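Spelled out from the first residue to the last, the chains are:
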Amino acid sequence: MSSDSIKTLQQKLFRGAEDTNGIQQTDSRDPGLTIQIPKPEVAPLAPKPPPKTSKAASGDSKIQQNGPTKNYRQRLSESLGVDYHGVEKYRLLQDENRERHWKRWGPYLSDRQWATVREDYSDNGDAWSHFPHEHSRSRAYRWGEDGIGGISDSHQRLCFSLALWNEQDSILKERLFGVTGHQGNHGEDVKEIYYYLDSTPTHSYMKFLYKYPQRKYPYEELVNENVHRDRNVEEYEILDTNVFDDDRYWDVFIEYAKDEDDPDNIYIRVTSYNRGPDPATLHIIPQLWFRNTWSWPAQKPPLPSLSAATTDDDISYIKVKHPEMGGNFLCCLPSPPPMGPDGNFVGDEDAVINPDLLFTENNTNFRRLYNGVNQSVCVKDAFHDHIIPSHKPQRGRSDSQGTDGSSTPRPTASTSTCEPLPQESPFVNSDKCGTKSAAHYIFRDVPGRGGCAVVRLKLTPLSPNKDRSLEDEGAFDDVVEERREEANEFYSSLLFGPISDDLKQVMRQALGGMLWTKQFYYFVQKEWIEGDPAQPPPPPGRQHIRNKHWRHMHIEDILSMPDKWEYPFFAAWDTAFHCIPLAVVDPVFAKKQLDILTREWYMKPDGQIPAYEWNFSDVNPPRRRATFRVFKIERKLTGREDIPFLERVFQKLLLNFTWWVNRKDSGGNNVFEGGFLGLDNIGIFNRSEPLPTGGNLRQADGTAWMAFYCLNMLNIALELAKHNAVYEDIASKFFEHFIFIADAMTYKSGDNESSLWNEKDGMYYDAIEFGPGNSIQLPVRSLVSLIPLYATLVLEPAVINRFPGFKKRMEWFIDNRPEISGRNMANMRAGGRGERRLLALASKERLVRILEKMLDEDEFFSEYGIRSLSKLHKEKPWGMQVNGDWHEVGYWPGESHSGMFGGNSNWRGPIWLAVNFLLIESLQRFYQYYGDELQVECPTGSGDYMNLVEVAEEIQHRIIHIFGRDMEGKRATNGGNVRLDQDPHFRDYVSFYEFFHGDTGRGLGASHQTGWTGLVAYHILQSGVSCRLPKTPRTPRSLVHHYFDETIDTQSEYGGDTQSLYSAISALEVNTLGDISPDAL
């Protein structure tokens, strides 16, 4: 092979140039951001590559092509001409039109299936103890599968993921480990380092990074240390141990790339770098298996099968047969030997590493767990026994001593000792067939400081003997690189204006993480309650533990998860926020998420929407504004209006609204109790339980949420009225309902009126009503006080004039019910900027008074957004004594000090992106009405006055500062961790936590919550152009106005003096997101 050919092949593997810090730089040919695999420090010319690549270089007619060829982007662009808007957008259109099923395969494996409610068949509902981590490798799952950086088909019949072994651990690393809700001092928490780096919406390209220690994994240390810490101490993380000292770990990158025009052909590349100082050995064990569907029914279904075979060129592959899928093949290419940082191969340059194909059954090892009888000779944990000598069953070892070192209690039946298997008994199937398989690659003595090992596989329905890409690693890598470049093209199309490279990367990882956290969610409540015919019946009392009223539920869908490890289940409130940024990249998927939760196999017949699997009946806020927002984002992206979607969801939301009115307004006074409403421990009492004081809790936020719900429904009704006049009457109904709910912020208490507004403090508070004329306010300054700002809607004069019936009804109310229309809300008589009308709970005077506290840096206004509780309560906690017990709310800016709701979230000080997003939207809508006339001091006491859209942008910038690098290269979310901020192999990767420290911005809670924390991508798209670096002075604002338009028409209906500069520009180009200000939406 010529030196040029060798260099070309090496560049395909190690793409890009390097800066002085050893970090790979973006190839100049790539549009936009490129998230690269870091390459070794030095890459001189490599020696002769392994023999399998020499075939292409020697002029094989099947591989060699004459002259340069055009890539798929070029060919598609020439074919479509002016209709070309990018390869990925073309694939999305193909998928939507069902021309190609591009989303058949995706990252649908959970990060954790063990210890979920679905797998819990205990008599006490303790999911954490019933199915602990140490059972997961030996026990078949009933309702789903998990793995590391894995994929599956959309029905999760066939699964693929990666297992690893460092020759130190007592088990294979085939799933992510973490402490349970019982073990963690702040609840459950994953104790691994991994990143979702990239994904396109069709999953035509995906990248995942897992950092695997070379030392023995500290399972026992992590459990024991966290168990012994109390809630006042920070969690003990894996970086607090010594396993990453001296950089003794592997960076394992997993990439998936689909063929250019065939979504079922999937190229898989696993690239592992030794970051440590010394040579080390790594076992890379890709696994392919079927979800167990045969152990549960009384009559066994036809079994799928996996079996070994070899091509004419001696390439090993696994044949897949499934009665519902047809045939597939996993081709396991021979790998070149490890390559050193100097570009030289280790050992014989002509040597190749061929995998050993292993097979077993995805069946429970009853013998290991319960000293029972196995259903098959080979069982789920066979690869552990086959590869790791210390994992083989030993005489006298108790099942209560897990090989992962954890000490979770086991079921009583499983505490027997295990006798060793007879010596001749194999762990894996010698006939090379089964329902679970693996390709075992061993890379010995991979050089340190950047030595590399590569595994290539291909999952395909095509016959391996006819697949030319298997014979040339260069051609294989070209496919991966082309998909990566198409991903660059897609994400570049979203950007408008100059955004820093760092913020581009944050946005890309946020959106990529949201696409990675899709999951196949399977749950049939009736079968779960009653148990399976082929299994022992569940304990009799189990059916009364949870979710007994949801017998209609039958779920088998791809859903957006909050966090696939900590929260591997859908949460209705979270989903609404997920769909905002998801709509930017894939409006069809976002619409489906909103639509599906209102379908009859989710929603109860009475209209209640399920909350989450721990308790479907818990009450989340009625947050359905996302429906109209997603509708408008799609309209901006494509120019299409999906009225059937909007109407279908609206009809179901009418049922849900009725449920709220009938079930959560006990006195019929339009004052709503709601419950915890997603804010967990924000109150002085647990708001989901009866008050220890007696009486009823009148919730300012519950009532405000319903007012907000009314305005959302009103807004959608006006949009639908453009197409069907019937909805004009419905809009009038919601207008009246909003008026009455707003009036109920002052409620009747006997013959007297009591208000949720505190005139002295200028804040809204909850109140306890003990009886007629006997109520008290709870003066806690929290989000409860700010949520009434959400209930805001601006009506354009053209909209009002378009619907004369609605206009007449509204004016009648204003003229004939002034005591209602003018008491607890903005004055609807006065037209605002452009003669708009404002529907809002907060009048101008109340708005200003609330903002005075909200923008005070000694109260709510942090450097990183709006706190969930005023910092005032740090020095002045508020409490009361009830029945001899002291109940108190104080400022806790970090983790919770309370066990309320599991103790793994905290609403007494930290910053949450979801509620900040709604406050930003509200300020933008207020600006539509007040314009520059209303200026407030921001921050309070600074002497700097801003209009409300400038305030909204300042909050956005502070939120972005959580993730962006400051002048010293630090990210607030990293909490001052030097390795995360400065290490070249960590510093470019961002973790998207569940919530953030109220003073420092440090990430807290779930560490991969790209669910609603993915909203930061939306903020970057909207205001990243003008965002300054963190901890730098604020500069004068540009003239660009970002605000949200509530007009129901596509074009803005008001004068040019108020129109965003971005709107005028971006309106020229459909299919580029550009501006997402209200004028454009």
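None of these values were measured; they are calculated from a predicted model.

Reading guide: rules and limits
- Counting restarts for each chain: residues are numbered from 1 in the order of the written sequence.
- Local features in a predicted model are, by the rule used here, given only for residues with pLDDT of at least 70; side-chain atom pairs are given and counted only at 80 or more, and totals for whole chains, interfaces and linings are based on all residues.
- Only hydrogens and water are set aside; all other atoms, that is, all heavy atoms of the structure, feed into the side-chain values.
- Between Lys or Arg on one side and Asp or Glu on the other, a salt bridge is scored when a side-chain nitrogen of the former is within 4 Å of a carboxyl oxygen of the latter.
- Secondary structure counts use DSSP, requiring at least four H or I residues in a row for a helix and at least two E residues in a row for a strand, with both numbered from the N terminus.
- Each residue is assigned to one of three classes by its accessible area relative to the maximum for its type, calculated with a 1.4 Å probe on protein chains only: buried under 20%, partly exposed between the two thresholds, exposed over 50%.
- Summary of the metric used: pLDDT quantifies the predictor's per-residue confidence within the range 0 to 100.
- Throughout, a residue-residue contact means that at least one pair of heavy atoms, one from each residue, lies within 4.5 Å.
- Polar contact criterion, stated in full: a pair of N or O atoms within 3.5 Å, where within protein one must be able to donate a hydrogen and the other to accept it, and residues adjacent in sequence count only if both atoms are side-chain atoms.
- DSSP-based pairing: two strands are paired if at least 2 bridges between them are found.
- A fitted line through C-alpha atoms represents every axis, and for helices the fit uses only the stretch in contact; the resulting angles, taken between N-to-C directions, go from 0 to 180 degrees.
- Only the six-membered ring of Trp is used, alongside the rings of Phe and Tyr, when aromatic pairs are assigned; centres must lie within 6.5 Å, and planes under 30 degrees apart are stacked while those over 60 apart are edge-to-face, with the rest tilted.
- The nonpolar core is taken to be a set of buried Ala, Val, Leu, Ile, Met, Phe, Trp, Tyr and Cys residues, with the residues joined through side-chain atoms within 4.5 Å.
- In plain terms, two cysteine sulfur atoms within 2.5 Å form what is called a disulfide here.

Chemist: Can you lay out the pattern of salt bridges for me, pointing to particular residues and giving the numbers?
Modeler: Opposite charge on two side chains allows them to pair when their charged atoms are near. By the definition in use, this model includes 73 salt bridges. One salt bridge in this structure joins Arg104 and Asp264, with 2.9 Å as the shortest N-O distance. Here Arg104, found in the loop between helix H4 (87-96) and strand S3 (105-106), pairs with Asp264, found in strand S11 (residues 262-274); they are 160 residues apart in sequence, far enough to count as distant. Given a relative accessible area of 28%, Arg104 falls into the partly exposed group. The network of salt bridges with common partners includes Glu255, Arg269, Arg456, Asp477, Glu481 and Arg484.

Chemist: Would you mind going over the confidence of the model for the chain in detail, with residue names and values included?
Modeler: When the pLDDT values of the chain are averaged, the result is 85; 82% of them are 70 or greater. Of the regions scoring below 50 in pLDDT, residues 5-67 engages in 162 contacts with residues more than four places distant in sequence or in other chains. The model gives residues 396-401 a pLDDT under 50, and that stretch makes 17 contacts with residues more than four places away or in other chains.

Chemist: Help me get a handle on the environment of Ser492, residues and values and all.
Modeler: Take Ser492: it is sitting in helix H10 (residues 473-492). Residues Ser492 and Lys504, spaced 12 residues apart in sequence, show a C-alpha to C-alpha distance of 9.1 Å. Within the local environment of Ser492, its side chain forms a polar contact with the backbone oxygen of Asn488, the two atoms lying 2.8 Å apart.

Chemist: Help me get a handle on the side chain of Glu954, residues and values and all.
Modeler: Relative to the helices and strands, Glu954 resides in helix H26 (residues 948-960). A polar side-chain atom of Glu954 sits 2.9 Å from a polar atom in the side chain of Arg958.

Chemist: With reference to specific residues and values, describe the sheet that holds S3.
Modeler: If you walk across this open sheet you meet the 6 strands as S3-S4-S5-S12-S20-S16, and the pairing is antiparallel. Lying at the two open borders of the sheet, with one neighbouring strand each, are S3 and strand S16 (356-360).

Chemist: Can you break down the sheet that holds strand S14 (residues 316-322) residue by residue, with the values?
Modeler: Reading across from one edge, S8-S9-S10-S11-S21-S15-S14-S13-S19 is the order of the 9 strands in this open sheet, with antiparallel pairing throughout. Sheet topology places strand S8 (193-199) and strand S19 (433-434) at the edges, where each strand pairs with a single neighbour. The sheet contact formed by strand S9 (residues 205-213) and strand S10 (residues 249-259) spans 9 bridges and is antiparallel. Within S10, the position partnered with Lys211 by the bridge is Asp251. Each of S8, S9, S10, S11 and strand S21 (451-460) is contacted by H10, which is oriented at about 100° to S11, the strand it contacts most. Those strands touched by helix H11 (residues 501-516) are S8, S9 and S10, and its axis lies near 95° from that of S8.

Chemist: Which residues make up the packing of aromatic side chains, and what are the values?
Modeler: Throughout the structure, instances matching the rule amount to 61 aromatic pairs. Judged by centre distance (6.4 Å) and plane angle (55°), the ring pair of Tyr256 and Trp516 falls under tilted. Within this pair, whereas Tyr256 is found in strand S10, its partner Trp516 is found in helix H11, the two being separated by 260 residues in sequence. You can call Trp516 buried: its relative accessible area is 1%. Ring geometry for Phe963 against Phe996: centres 5.4 Å apart, planes inclined by 80°, an arrangement best described as edge-to-face. Of the two residues, Phe963 is situated in the loop between H26 and helix H27 (978-982) and Phe996 in strand S39 (residues 995-996); the sequence distance between them amounts to 33 residues. Accessibility classification places Phe963 together with Phe996 in one group, the buried group.

Chemist: Pulling in residues and values, what's your account of the nonpolar core?
Modeler: One finds Phe570, Leu714, Phe738, Met854 and Leu948 to be the most contacted residues of the largest nonpolar core, which totals 179 residues. For this core, the element with the most residues is helix H17 (residues 700-721), which contributes 16 residues. With near-sequence residues (within four places) excluded, Met854 lies in contact with Leu786, Leu789, Phe860, Phe861, Ile866, Leu919, Leu923 and Ile955. The next biggest cluster of nonpolar side chains, apart from the first, holds 87 residues, and it includes Val223, Ile238, Ile254 and Leu357.

Chemist: Any chance you could break down the state of the cysteines for me, citing the residues and the numbers?
Modeler: Inspection of every chain in the model, using the stated rule, returns 0 disulfides. Cys433 takes part in no disulfide bond, and the closest cysteine sulfur, belonging to Cys378, lies 8.8 Å away. For Cys433, a relative accessible area of 30% puts it in the partly exposed group.

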